[in-house]
Every structure is written in structure tokens, then in C-alpha cells.
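# Residue-level structural notes
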Amino acid sequence: MRQMKIAIVGTGYVGLVTATCLAEVGFDLICVDIDTNKIESLKRGIAPIYEPGLDNMLQRNIEKGRLTFTSSLASVTDEVNVIFTAVGTPSDKDGSADLQYVLNVARTIGRTLTDYCLIVTKSTVPVGTARLIREAIREELDRRGADIAFDVASNPEFLKEGTAVADFMKPDRIVCGVDSEKAKEILQKIYNPFVLNGHPVIFTDIASSEMIKYAANAMLATRISFMNDIANLCEKTGADINMVRKGIGSDSRIGNKFLYAGIGYGGSCFPKDVKALVKTADSLGYSMEVLKAVERVNERQKTVLFDKLSTYYGNDLKGKRIAMLGLAFKPNTDDMREAPSLALIDRLREAECAVYAYDPVAMHESQRRTGAAIRYCRDVYETLQDADALLLVTEWSEFRVLDLNRVRTLMRNPVVFDGRNIYDEEEMRNADIRYFCIGK
């Protein structure tokens with residue numbers, strides 16, 4: 001086998017982080033994306049996403065010649081022996097994963113392959129997708145009359161936006177689904193630098209690997225919705241969700257991760273993957289009742305702050321000036337896919353509120369999505385000027401410590417609705433600020 005050279009198709013969060021981190025440990029990578037503007041920007045070292053630590057690593061590996069970029073997959077299939085596919089699998093209208101981009105890549109590979117290659121699926125795909133990829137490649141090879149060997153493998157990503165680089169370099173685990181010894185040997189070689197650092201590589205069959213990704217995200221989404229359900233019940237019973245979290249989190253069978261109540265999950269993974277898993281089960285005649293409830297709870301939770309605000313003002317919000325801190329679905333990213341802020345903005349606009357918002361990095365993305373629906377401010381305190389209420393939506397670090405005297409002075413009505421439970425109720429009360437949070 002010739003010297004290892006890898007292509008990554010798709011330069012979103014998963015593809016670009018994967019390529020950059022593999023280049024960092026010494027591999028030569030070619031990044032492929034049909035978006036020519038994105039490719040030209042990447043050639044100049046400009047990342048299309050905000051991800052801490054990525055920019056410097058990207059520029060360093062471009063300078064060292066280990067990262068190159070092209071918009072043509074067909075032009076590189078004859079010079080690489082591993083192709084990772086990291087293209088999007090958005091939700092279709094019925095909630096199932098749209099595999100058109102994954103299969104388009106497979107067909108291009110089949111039309112242009114000239115020597116053995118391992119095709120590794122990095123995208124989150126339903127169980128059975130590897131078989132579809134194999135069939136698409138084989139169909140194109142047969143059309144050419146080409147007898148070229150190839151393998152297909154599954155290597156799901158477990159990256160968290162905001163800590164994606166650290167997650168890749170120091171993973172909890174690396175999962176690889178294979179059905180040949182050759183594929184296993186290649187993936188072992190790729191991930192050997194991470195094994196040397198003590199990070200486990202788990203080899204499974206391909207179907208199990210595909211299922212592991214969905215099951216992991218579904219479990220985390222379930223924990224979030226469960227805690228939000230408990231938080232809502234705490235408010236009605238007089239219990240404190242923070243004390244409940246500590247009490248159940250100390251049980252080693254449960255653990256303390258993903259037990260924080262809030263205003264629901266968002267982003268590119270949990271909503272899409274839960275929907276896709278539910279749809280896969282439906283197509284096989286099985287109903288995932290727990291996950292259907294997880295979805296319902298999450299959608300309801302996204303507007304819980306609006307409901308609290310509306311109740312506080314007697315269901316009359318017309319003309320109120322509302323300050324929103326945070327727009328991204330979580331800190332350290334500009335991603336607003338399925339963000340709770342979007343559901344909140346819709347409800348606030350329907351109620352004829354004037355919405356003023358600030359987010360450290362997501363305002364440009366918000367403007368792209370919502371246009372002139374809200375007004376954007378330069379910092380926290382400009383956002384609070386003359387506000388009738390503050391809604392804390394995303395728990396960015398810079399929002400955690402506020403000058404409460406200044407908050408009270410700036411706001412027309414000093415009342416805070418904390419969607420992430422990051423503030424201390426007693427401190428708010430001592431500053432003469434009305435305070436509402438989740439689950440208390």
C-alpha cells in the first residue's frame with residue numbers, strides 16, 4: 001500500500017476539525033467541498049466556523065503543507081487511499097436523515113476510483129447506510145467495467161461544538177465499524193497516535209458503529225429532557241432542581257453529567273439524530289416512545305422563559321423592551337441550528353415586543369437567520385438599557401458575573417429570567433432585582 005494520504009469530503013464542524021487534527025499528528029490531508037467560496041477562504045487559512053483552537057492549528061498545518069483544499073473530489077481519488085465522508089445529513093421533511101449528499105459522494109468515488117481505497121463514513125447516518133454506500137460505489141464501478149477493490153467503514157464522531165478540537169485530540173473513545181482486516185489495519189494506523197496517549201479504539205461491526213452514534217446522542221438528549229421535566233415539576237411542588245440534581249447525580253449509577261435544567265437542547269446533532277432514530281424505528285414497525293416524549297418535552301421547554309415572562313406581565317407584552325443575552329445554542333460556538341433563542345424570538349415578536357440581543361460570536365449568524373426581527377447590541381450593558389426584562393438564553397462565561405447595581409440602574413424594570421440557572425437568587429434579591437429561574 002502506498003504512503004498514507006487522506007481526503008476529507010465536507011468542511012463543516014466534523015470534516016474540518018477531523019482534517020486539521022489528523023494533519024496535526026502528521027498525516028497529509030486533502031479537504032474537499034463543493035462550496036468554492038469556502039474552499040478559497042480555507043486556502044487563505046480562514047475557517048468558516050467558530051471553534052476555539054481551530055484557527056491556529058489550521059494555519060499551522062497549511063503552512064507546513066499538510067493541509068490542502070479543492071472543490072473537486074474526482075480530481076483526488078487517484079492520489080488518496082482513504083476517504084472520510086463528513087457531508088451533511090439534514091433531517092428530511094418526515095424526520096428521516098437525508099442521505100443524498102452521502103450517496104452523491106459514493107457515486108463520485110465509484111466513477112473515479114483507480115486503485116484500492118477505504119471509504120470511511122464520518123457523517124451521522126442511519127444503520128444500513130454503509131450497505132447503501134457500498135452498493136452505490138459498486139454500481140458505478142460495474143458501469144465502468146472496473147474491477148477495483150474497496151472497503152467501507154464507519155467511524156462516527158463524538159465532537160462537542162465549542163470543544164471539538166480538544167475532543168478529537170483527547171477523545172473518550174474512538175469507535176470504528178469494520179468488516180475486513182484491511183480496513184481495521186488502516187484505521188489502527190490512523191488512530192495509533194491517539195492510542196499511544198491511552199485513548200481507546202473500539203472496533204465493532206459496521207451496523208453497531210452506526211447505531212452507537214445515534215444511541216449516544218439519544219441518551220444525552222433524554223437526560224436533558226428528563227431533567228427539564230423534573231424541573232418543571234419542582235416548580236409546582238416547591239422542590240429545588242439544583243438540590244435534586246446534586247442528590248441524584250451523586251448516585252454512581254446515574255452520574256452528574258447532563259443533569260442541568262434549562263430551556264432545551266439545540267444544535268446540529270441532538271434534534272436531528274433523535275428524529276432520525278425515531279424515524280428509523282417507525283420504518284421498521286417499532287415505536288420509540290421514550291424518544292418521542294423527549295422531543296415533545298424539548299420543544300415545550302424552548303418557550304418556558306417566554307411563558308414565565310408573559311405570566312409576569314399578565315399576558316400583555318405589547319411594546320415591552322426585552323433584553324436577550326445569548327443567541328447560539330450553547331457557549332463557544334456561533335451555531336444557531338435548532339437554538340432555543342429562535343423559538344423565543346418568534347414568540348416575542350408575535351407578542352409585539354422589541355427585542356435587543358447580544359452574543360459574543362453568533363450575532364452575524366442570527367442576522368442571517370432572522371434579518372431585522374431583532375436589534376443587536378455591542379455588549380451586555382447596552383443590551384440592558386431601558387429593558388423591561390432580561391432573558392438569559394446562553395450561558396457564555398462573560399454573562400456569569402454581572403455588575404448587579406449597574407443592571408438594576410440600567411433596566412426600566414429590573415427582572416431577570418435565567419434560562420440556564422447560572423445566577424445566585426440571594427445575590428439578585430440583595431441587589432433588589434426580581435429573579436426567576438428553571439425548576440425553583
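Preceding block: the structure.
Since we're looking at a predicted model, the values are computed, not measured. (Residues numbered from 1 in each chain as written. Predicted model: local features only at pLDDT ≥ 70, side-chain atom pairs only at ≥ 80, totals over all residues. Heavy atoms only, no water.)

## A word on the overall build of the protein chain
- On a plain count of helices and strands, the protein chain comes out with 17 helices and 14 strands.
- Taking 22 Å as the expected radius of gyration for a compact globule of 440 residues, we find that the protein chain reaches 24 Å, a close match to that expectation.
- Across its three principal axes, the protein chain shows a C-alpha extent of roughly 75 × 50 × 40 Å.
- When contacts within the protein chain are restricted to residue pairs at least 6 apart in sequence, long-range pairs at least 24 apart make up 73% of them.
- On the protein chain, roughly 19800 Å² of surface is accessible, and the fraction owed to carbon and sulfur atoms is 49%.
- Averaged over its 57 positive side-chain charges, the protein chain has a centre that lies 1 Å from the centre of its 61 negative ones. (Helix = DSSP H or I, 4+ residues; strand = E, 2+ residues; numbered from the N terminus. Rg over C-alpha atoms; globule rule 2.2 N^0.38 Å. Contact = heavy atoms within 4.5 Å. Areas by Shrake-Rupley, 256 points an atom, 1.4 Å probe, with all protein chains shown as cover. Lys, Arg positive; Asp, Glu negative; His and termini not counted. Charge placed at Lys NZ, Arg CZ, Asp CG, Glu CD.)

## Side note on the sheet that holds strand 9 (residues 321-325)
- Sheet architecture is open: six strands sit in the order 11-10-9-12-13-14, paired in parallel fashion. In this open sheet, the two strands that pair with only one neighbour each are strand 11 (375-376) and strand 14 (434-436).
- Both strand 9 and strand 12 (residues 389-392) contribute to a ladder of four bridges, which runs parallel. Within strand 12, the residue paired with M324 across the bridge is L391.
- Helix 12 (residues 304-312) rests against strand 9, strand 12, strand 13 (415-418) and strand 14 of the sheet, and its axis sits at about 155 degrees to strand 13. (Pairing = 2+ DSSP bridges. Axes fitted to C-alpha atoms, helices over the stretch in contact; angles between N-to-C directions.)

## A word on the pattern of salt bridges
- Inspection of the entire model under this criterion finds 30 salt bridges.
- The residue D179 makes a salt bridge to R134 at a minimum N-O spacing of 2.8 Å. Within this pair, whereas D179 is found in the loop between strand 7 (174-177) and helix 7 (181-195), its partner R134 is found in helix 5 (residues 129-144), the two being separated by 45 residues in sequence.
- Residues participating in the shared-partner salt-bridge network are R111, E139, E140 and R143. (Salt bridge = Lys/Arg side-chain N within 4 Å of Asp/Glu carboxyl O.)

## Quick word on the packing of helix 8 (residues 206-237) against helix 11 (residues 289-301)
- The contact between helix 8 and helix 11 brings their axes to 9 Å, and the two run at 55 degrees. For the element pair helix 8 / helix 11, the angle class is oblique. Considering how the two elements wind past one another, helix 8 and helix 11 form a crossing that is left-handed. Residues A218, A221, T222, S225, N228, D229 and N232 of helix 8 form the contact with helix 11, whose participating residues are V290, L291, V294, V297, N298, R300 and Q301. (Parallel < 35°, antiparallel > 145°, perpendicular 65-115°, else oblique. Left-handed = near helix turned anticlockwise from the far one by under 90°.)

## Observations regarding the pairing of strand 2 (residues 28-32)
- Taken across its five residues, strand 2 has four buried, putting it largely inside the fold.
- Here five bridges tie strand 1 (residues 5-9) to strand 2, and the two strands are oriented parallel to one another. Paired with I6 across the strands is L29, a residue of strand 2.
- A crossover links strand 1 with its parallel partner strand 2, the connecting element being helix 1 (residues 13-24), and its sense is right-handed.
- Pairing of strand 2 with strand 3 (residues 67-70) involves four bridges; the strand directions are parallel. If you follow C31 over to strand 3, its bridge partner there is F69. (Buried < 20%, exposed > 50% of the residue type's maximum accessible area, 1.4 Å probe, protein only. Right-handed = clockwise from strand over helix to strand, strands pointing away.)

## Considering the packing of helix 1 against helix 3 (residues 54-63)
- Running from N to C, helix 1 and helix 3 cross one another at 55 degrees; their axes reach a closest spacing of 9 Å. Put simply, helix 1 runs oblique to helix 3. Crossing angle aside, the handedness with which helix 1 passes helix 3 is left-handed. Seen from helix 1, the contacting residues are L16, V17, T20, C21, A23 and E24; seen from helix 3, they are L54, M57, L58, R60 and N61.

## Re the environment of D282
- Summarising the element assignment, D282 is placed in helix 10 (residues 270-283).
- A relative accessible area of 35% places D282 in the partly exposed class.
- Considering only alpha carbons, one finds D282 and S96, 186 residues apart in sequence, at a separation of 9.9 Å.
- Beyond its immediate chain neighbours, meaning those up to four positions away, D282 contacts S287 and K292.

## Some remarks on helix 11
- Helix length check: helix 11, at 13 residues, gives a terminal C-alpha distance of 18 Å against a target of 18 Å (1.5 Å per residue), a fit within 8%.
- For helix 11, the secondary structure elements touched by its buried residues are helix 8, helix 10 and helix 12. (Expected span 1.5 Å × (residues − 1).)

## Focus: the nonpolar core
- Counting 61 residues, the largest nonpolar core has L309, M324, L327, L348, L384, L391 and Y423 as the members making the most contacts within it.
- In this structure M324 touches S341, I345, L348, V355, Y356, A357, Y358, T383, L391 and V393, once residues within four positions along its chain are discounted.
- With 43 residues, the next largest nonpolar core counts L58, F69, L118 and F168 among its residues. (Core = buried A, V, L, I, M, F, W, Y, C linked by side-chain atoms within 4.5 Å.)

## As for helix 2 (residues 36-43)
- The residue sitting at the N-terminus of helix 2 and contributing the capping side-chain oxygen is D35; that oxygen lies 3.1 Å from the backbone nitrogen of N37.
- At the exit of helix 2 stands G45, carrying a positive phi of roughly 80 degrees. (Polar contact = N/O pair within 3.5 Å; in protein donor to acceptor, adjacent residues only side chain to side chain.)

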